[in-house]
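Structural overview
Here is what each chain is made of, one letter per residue.
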Amino acid sequence: MQVIVLAAGQGSRLRPLTNTKPKCMVDLLGKPLLAYQLELFKKLNLENVLIIGGYKNEKLDTQGAPIVINERFAETNMVNTLFCAEEFINDGQDLLLTYGDIVYDQKVLETILADDSPCSVVIDKEWKQLWSLRMDNPLDDAETLKVNKAGYISEIGKKPSSYQDIEGQYIGMIKVRADYINRFKDAWKEMDSDIVLDGQDKDNIYMTSFIQYLIDLNLNFTPVFIENGWIEIDTVEDLNAYEQFISGGEHKKIFKSIAVSN
């Protein structure tokens, strides 16, 4: 298993905390977000870990994991960041891709590792409970997620018109089986350089837009459903809300992550 952590983002909505360090190095309860993931990888003996940095990459503490730098981090988005490391993606190994700004339970990681689908993404069925901690109207920040009768994702990452458009929320974790790695990489290489997806050019397309693009190319993505067990930090308000929530002991209703067990 190869693990790639996307950690190139500037985290502009977390300023001033990200004025001097990358988003994944912002502390949650005194420990950087990235550290929680790296410690969990070690616990589960996932040793082949690669970090893709960009903004303030000299401040990344990867605990010994190698780093690839996206030199164009300021003008590109996550998919472009991922394929900065294309030459390091091993065709003979399963690939686990995860965002650097999320924290999750061991059970979440074990669930996707156990799934043997060609391509799979972690989807939180109880997302509304988590979103309600962060905002008054969860629908404002949510994205569509629809599953077809065959059990594969048919739509992801669009603007929902109602809660009926959302069967769960993508948390920022993808797994691609070894025998599908070439198809995954080739889709990027063969993508038209002038393409625009969800209003973004190729350099700036969102990961969900890329997943939808692959789905439209008949590559099946299986939803790996969870019920909470994770958090993402996008804003200072998110961070404050989660720290207050955790400190008050209410976190056990939603997750029991390593963020609060150490």
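It should be noted that the structure appears before, not after, this text.
Report follows, based on the coordinates. Keep in mind that this is a model prediction, so the values were computed, not measured.

Where helix H5 (residues 181-190) contacts helix H6 (residues 207-216), the axes come no closer than 11 Å and their chain directions differ by 105°. Of the possible angle classes, the one that applies to H5 and H6 is roughly perpendicular. Residue-level inspection shows Phe184, Ala187 and Trp188 of H5 in contact with H6, the latter providing Phe210, Tyr213 and Leu214. For the contact of H5 with H6, the class distribution of residues is six nonpolar, no polar and no charged.

Another aspect to go through is the pairing of strand S10 (residues 153-156). A regular strand carries its side chains on alternate faces of the sheet. Where strand S9 (residues 145-147) meets S10, three bridges bridge the pair, whose relative direction is antiparallel. Counterpart to Leu145 in the pairing with S10 is Ile156. Between S9 and S10, which pair antiparallel and follow one another directly, the connecting turn spans five residues, one of which, Gly151, has a positive phi of 90°.

Further remarks concern the sheet that holds strand S4 (residues 48-53). The sheet built from seven strands is open, its strands ordered S5-S4-S1-S6-S11-S8-S14 with mixed pairing. Every interior strand has two partners, whereas the edge strands, strand S5 (67-69) and strand S14 (222-226), have only one. Recorded for the sheet is a direction-independent mean angle of 25° between the axes of neighbouring strands. Here strand S6 (residues 95-99) pairs with strand S11 (residues 169-176) via four bridges, running antiparallel. Along S11, the bridge assignment pairs Leu95 with Val176.

With that out of the way, let us pick up H5. Every α-helix winds through 3.6 residues per turn, so residues three or four apart in the chain are directed the same way. What H5 keeps buried is the set Ile181, Phe184, Lys185, Ala187 and Trp188. When H5 is viewed along its axis, its buried side chains cluster within an angular range of 150° and face the same direction. The secondary structure elements touched by the buried residues of H5 are helix H2 (78-83), S6, S11 and H6.

Summed over all chains, the structure comprises zero disulfides. No disulfide involves Cys24; its sulfur sits 15 Å from the nearest other cysteine sulfur, which is in Cys84.

Conventions and cut-offs
Residues numbered from 1 in each chain as written. Predicted model: local features only at pLDDT ≥ 70, side-chain atom pairs only at ≥ 80, totals over all residues. Heavy atoms only, no water. Axes fitted to C-alpha atoms, helices over the stretch in contact; angles between N-to-C directions. Helix = DSSP H or I, 4+ residues; strand = E, 2+ residues; numbered from the N terminus. Parallel < 35°, antiparallel > 145°, perpendicular 65-115°, else oblique. Contact = heavy atoms within 4.5 Å. Nonpolar A, V, L, I, M, F, W, Y, C, P; charged D, E, K, R; others polar. Pairing = 2+ DSSP bridges. Buried < 20%, exposed > 50% of the residue type's maximum accessible area, 1.4 Å probe, protein only. Arc of directions from axis to C-beta. Disulfide = S-S within 2.5 Å.

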